[in-house]
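# Summary of the model geometry
Listed below, chain by chain, are the residues.
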Amino acid sequence: MFAIAASTVTNWGLYILLPIFIAFLFFIVWDISKQSEAGRAGTFWIFLALGAGFVGFLIKLLLEVAFKRWFI
């Protein structure tokens, strides 16, 4: 019973809470770049770095789903 509960908590955290946290990070970065007057180039590079991490996370999720469908 405990293994099922731990798996459920892990799935909720990975697939629901982590994307919400990443979206919140986008808001924080936007607010910090606005307050610090980073300019267009600075804001672009900050969002590019955060966006690259998010895209990497999405690619990982898609690969997991694909491997589960194809190999299991």
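The preceding data block contains the structure.
Along each chain, residue indices are assigned from 1 in the same order as the chain's sequence is written. pLDDT decides what is reported in this predicted model: residues at 70 or higher carry local features, side-chain atom pairs at 80 or more are listed and counted, and totals for whole chains, interfaces and linings draw on all residues regardless. Just so you know, side-chain values use all the structure's heavy atoms and leave hydrogens and water out.

### A word on helix 2 (residues 39–71)
In plain terms, the rule: By the criteria applied, helices consist of DSSP H or I runs no shorter than four residues and strands consist of E runs no shorter than two, each listed in order from the N terminus. Between the first and last residue of a helix there are one fewer steps than residues, each counted as 1.5 Å, and that sum is the expected span. To sort residues, take the accessible area from a 1.4 Å probe on protein chains only and compare it with the maximum for the residue type: under 20% means buried, over 50% means exposed, and anything in between is partly exposed.
Relative to the 48 Å expected for 33 residues at 1.5 Å per residue, helix 2 spans 47 Å between its end C-alpha atoms, a close match to the ideal helical length. Listing the buried residues of helix 2 in full gives Thr-43, Leu-50, Gly-51, Phe-57, Leu-61 and Ala-66.

### So, unusual backbone geometry
With phi around 55°, Glu-37 is a residue other than glycine that occupies positive phi space. Looking at the secondary structure, you find Glu-37 in the loop between helix 1 (2–35) and helix 2.

### Some remarks on the side chain of Thr-43
Our working rule: Polar contact is the term for a pair of N or O atoms within 3.5 Å; when the atoms are in protein, one must be able to donate a hydrogen and the other to accept it, and sequence-neighboring residues count only if both atoms are side-chain atoms. The criterion used for residue contact is that any of the two residues' heavy atoms lie within 4.5 Å.
Looking at the secondary structure, you find Thr-43 in helix 2. Using a relative accessible area of 19% as the deciding quantity, one classes Thr-43 as buried. Separated by 2.7 Å, the side chain of Thr-43 and the backbone oxygen of Gly-39 make a polar contact. Setting aside residues up to four positions removed in sequence, Thr-43 forms contacts with Ser-33 and Ala-38.

### Considerations on the pattern of salt bridges
Selection criterion: Take a side-chain nitrogen of Lys or Arg and a carboxyl oxygen of Asp or Glu: if they are within 4 Å of each other, that pair is a salt bridge.
Summed over all chains, the structure comprises one salt bridge. As a salt-bridge pair, Lys-60 and Glu-64 come within 2.8 Å of each other at their nearest N and O atoms. Within this pair, Lys-60 and its partner Glu-64 are both found in helix 2, separated by four residues, close to a single helical turn.

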